[in-house]
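Residues per chain are reported as follows:
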Amino acid sequence: MHPVLGRLGGAVAALLLGAGLLVGGPGSAAARAGGTAAVPPVAGTLKAYEVDGVYSAGVSSGGYMATQLHVAYSATFDGSAAFASGPHYCAQNDLGKALNACMEVYQDLQLATLKQTTANWSAQGAVDDVAGLRGDPVYVFSGANDSTVERPVSTALDDYYRHFGADVLYNKSTAAGHAWISPLGPNACTVTADPWLNDCGFDAEREFLGHLLGSVDPPAAAPGGSLIRFDQNAYAPGGSAKAISMDENGFVYVPAGCANGAACKVVVTLHGCKQGYSYQGFGTRFIDKAYLNEYADTNDLIVLYPQAVPTTTLDNPNGCWNWWGYLGDPAYARHGGRQIETIMGMVKALGGGGSTPPPAGTLTLPSLDAEDGYIKAAGDGSAPAVGTLEGSYGLALGRGTDGKSNRSVLSFDTAAVPAGKEITRAWVTLTRSSGSGDPWAAPAGNRLLVDVHRGCLGGCAVEPADWAAATTAAGAADIGPFTSGSKASGDLSAAGLSAVNRSGRTQVRLRFEQNQPGTAYLFVNRDTRATLTVEYR
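Residues numbered from 1 in each chain as written. Predicted model: local features only at pLDDT ≥ 70, side-chain atom pairs only at ≥ 80, totals over all residues. Heavy atoms only, no water.

1. Here we look at the overall build of the protein chain
- Of regular secondary structure, the protein chain possesses 12 helices and 24 strands.
- Over its C-alpha trace the protein chain gives a radius of gyration of 26 Å, about what one expects of a compact globule, namely 24 Å for 537 residues.
- Based on the C-alpha atoms only, the size of the protein chain along its principal axes is roughly 90 × 45 × 40 Å.
- Taken over 537 residues, the protein chain has a buried fraction of 58%.
- A separation threshold of at least 6 residues defines the contact pool for the protein chain, and within that pool the share at least 24 residues apart is 76%.
- By element, 50% of the accessible surface of the protein chain is carried by carbon and sulfur atoms, the whole surface being about 18,900 Å². (Helix = DSSP H or I, 4+ residues; strand = E, 2+ residues; numbered from the N terminus. Rg over C-alpha atoms; globule rule 2.2 N^0.38 Å. Buried < 20%, exposed > 50% of the residue type's maximum accessible area, 1.4 Å probe, protein only. Contact = heavy atoms within 4.5 Å. Areas by Shrake-Rupley, 256 points an atom, 1.4 Å probe, with all protein chains shown as cover.)

2. Thoughts on the pairing of strand β4 (residues 137–141)
- Of all the five residues making up β4, five are buried; the element is thus mostly covered by neighbouring parts of the structure.
- In β4, alternate side chains face the same way, and those of P137, Y139 and F141 on one face and V138 and V140 on the other are all buried.
- Where strand β3 (residues 80–83) meets β4, four bridges bridge the pair, whose relative direction is parallel. Bridge pairing in β4 links F83 to F141.
- Handedness of the β-α-β unit built from β4, helix α6 (residues 151–163) and strand β5 (residues 167–171) comes out right-handed. (Pairing = 2+ DSSP bridges. Right-handed = clockwise from strand over helix to strand, strands pointing away.)

3. Here we look at helix α5 (residues 111–124)
- Helix length check: α5 (14 residues) gives 20 Å between terminal C-alpha atoms against 20 Å at 1.5 Å per residue, within 8%.
- Among the residues of α5, L111, L114, K115, T117, T118, W121, S122 and Q124 are the ones counted as buried.
- Positive phi appears at G125, one or two residues downstream of α5, with a value of about 85°. (Expected span 1.5 Å × (residues − 1).)

4. A word on the state of the cysteines
- Going through the model one piece at a time under the given rule, you end up with five disulfides.
- At a sulfur-sulfur separation of 2.1 Å, the disulfide partner of C90 is C102. Note on the C90 and C102 pair: the S-S dihedral is about -100°, so by sign convention the disulfide is left-handed. Separated by 12 residues along the polypeptide, C90 in the loop between β3 and α4 (95–100) and C102 in the loop between α4 and α5 bring together distant segments of the chain.
- Classification of C90 by relative accessible area gives buried; the value is 1%.
- Here C273 connects covalently by a disulfide to C320, the sulfurs 2.1 Å from one another. Across the S-S bond linking C273 and C320, the dihedral sits near 125°, which makes this disulfide right-handed. Of this pair, C273 sits in the loop between β11 (264–270) and α9 (285–289) while C320 sits in the loop between β12 (301–305) and α11 (338–349), and the two are 47 residues apart along the sequence. Across the pair, C320 and C273 agree in class, each one buried. (Disulfide = S-S within 2.5 Å.)

5. As for the pattern of salt bridges
- A complete count under the given rule lists 15 salt bridges for this structure.
- Measuring nitrogen to oxygen at the nearest pair gives 3.6 Å for the salt bridge that ties K97 to D94.
- The exposure class of K97 is partly exposed, given its relative accessible area of 21%.
- Exposure remark for D94: the relative accessible area of 29% places this residue in the partly exposed category.
- For the salt bridge of R447 with E513, the shortest nitrogen-to-oxygen distance reads 3.2 Å. (Salt bridge = Lys/Arg side-chain N within 4 Å of Asp/Glu carboxyl O.)

6. Structural notes on the packing of aromatic side chains
- According to the stated counting rule, one finds 22 aromatic pairs in the structure shown.
- Between W180 and F208, the ring centres sit 5.8 Å apart and the planes meet at 85°, which makes this aromatic pair edge-to-face. Placement of W180 in strand β6 (residues 180–181) and of F208 in helix α7 (residues 204–213) is noted, with a sequence separation of 28 residues between them. For the pair W180 and F208, a shared accessibility class is recorded, and that class is buried.
- Ring plane angle 75° and centroid distance 5.4 Å describe the contact between W440 and F512, whose orientation is recorded as edge-to-face. On the criterion of sequence distance, the pair formed by W440 in the loop between β18 (423–436) and β19 (448–454) and F512 in strand β22 (residues 505–512) is long-range, its members being 72 residues apart.
- Clustering of aromatic rings is evident, with ring pairs tying together F83, Y139, F141, W180, F202, F208 and F286. (Phe/Tyr/Trp six-rings, centres within 6.5 Å; stacked < 30°, edge-to-face > 60°.)

7. Focus on unusual backbone geometry
- The omega angle of the peptide bond from D194 to P195 is 10°, so this bond is cis rather than trans.
- With respect to the helices, strands and loops of the structure, P195 is situated in the loop between β7 (187–188) and β8 (197–199).
- Despite not being glycine, W196 shows a phi value in the positive range, around 60°.
- With respect to the helices and strands, the residue W196 is situated in the loop between β7 and β8.

8. Here we look at helix α3 (residues 61–72)
- Look at α3: 16 Å from first C-alpha to last across 12 residues, which is about the 16 Å you get at 1.5 Å a residue.
- With 12 of 12 residues buried, α3 lies mostly within the body of the structure.
- Among the residues of α3, S61, G62, G63, Y64, M65, A66, T67, Q68, L69, H70, V71 and A72 are the ones counted as buried.

9. A short note on the sheet that holds β3
- Spatial ordering of the open sheet is given by β1-β9-β10-β12-β11-β2-β3-β4-β5, a layout of nine strands whose pairing is mixed. Both outer strands of the open sheet, β1 (41–43) and β5, are each paired with one neighbouring strand and no more. Neighbouring strand axes in the sheet, compared pairwise and without regard to direction, differ in orientation by 20° on average.
- Two elements, β4 and β5, share five bridges in a ladder whose sense is parallel. Across the sheet, the residue bridging to Y139 is L169, located in β5.
- Strand contacts of α7: β2 (51–59), β3, β4, β5, β11 and β12, with the helix running at about 155° to β4, the strand carrying the most contacts.
- This element, α11, spans β2, β9 (226–231), β11 and β12 of the sheet and lies at about 155° to β11. (Axes fitted to C-alpha atoms, helices over the stretch in contact; angles between N-to-C directions.)

See below:
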């Protein structure tokens, strides 16, 4: 991904997924002069309150993250609002798709594929049960002058949520540019410019909060609660927020009523790119002008404002939330996503149900056909070469008619294993395509071994060096003889279970323990892909 960004060059680096990236432009004459008084932040920590509901809201990259939180943890989140963004997993871990399908619409964003991926992840336990989205209130906003995330992308988000039975209110009636919409916004409605807070002549917060909550009381004339600045490192993996492109500072607005024990709801509110606290001195402008703290006081809302920060590299120079898989996080849109889990830790600390783990169960993963393959070599491993008959016969194992010994490599995306779960058992299942002789009997007692490797054995696509490459757990299981149908391996050893990579690829190499003295082989995986089944608790 990152070499692609490098090839796209500085112009795209400047463009990269900003919350509106033009600068300059007139301010809005209609905006309230100065708005309400900002609440100065005070240092503190997150503590638990009496929380009876959790919602997400965001703009641009923050809109994508709001949707990711809602879909990944629909058992915790009761609804979501997204300004100027698109459907869940739109980028599919691909920067090109992010730019060309999920912002502008040069490419098809493959909505049917996105819906199916969500359903698959739900079945696998990689996101909460999609049944949890049914009936949830969702607010979608798209402005007619938004050329950063174009109208068809937000329309796809509307379609996506309706597919899963959510109750969607879609506002596409204004001429807004790319921005968070607020009566306190200093910009005119049609502008796409710093600070990406636009006044469109209506109260968008009343509209979306009313939809999420059923109804809302009028806002306070000025915020009267506390804005607490807390350390986000405490919730980040390894204690380093910057390592996942999050700021060390986060903020939470707590009304006096909530602090005094009233039952309150949490609204996780996510800024867009270039709107984070530490982005070039942006400070608390998003927090001050989003017009949520005023509603928080009169409606018993705790507003959590997590903060993203730019990287010093081209991974995320504009301080966007991770919605395309930057910094090598393949789980960014599901359980285990580094930013998602960090925010969930904050929600849990506030008492918002974040302690509920993904359900225990079983996950069956098909191998990734594009990365599977086999390698043939002389008995001593010399002159290895990638086999070419996979499309015709399948993956070869054993000694072929050419006298070469064959080993096969399978690739699995095991980032779908739910975070926080202990892997208790795992095994590989193969389906036989054809064969000749009995490779388990040549020599007698031969075993078909399962080597497990954390990550890829070099490149993820099969290559000659995979024949003899060292693996994380050699001989972690074996597969007994079978002449037709499917056969499961024994359970992976403890070393094999430890080798399962929760953040990306796990590769499995299949090899016979001893080379056959004559022709004896089998082909697998021609019509039915191999699977890796993982049990967890």
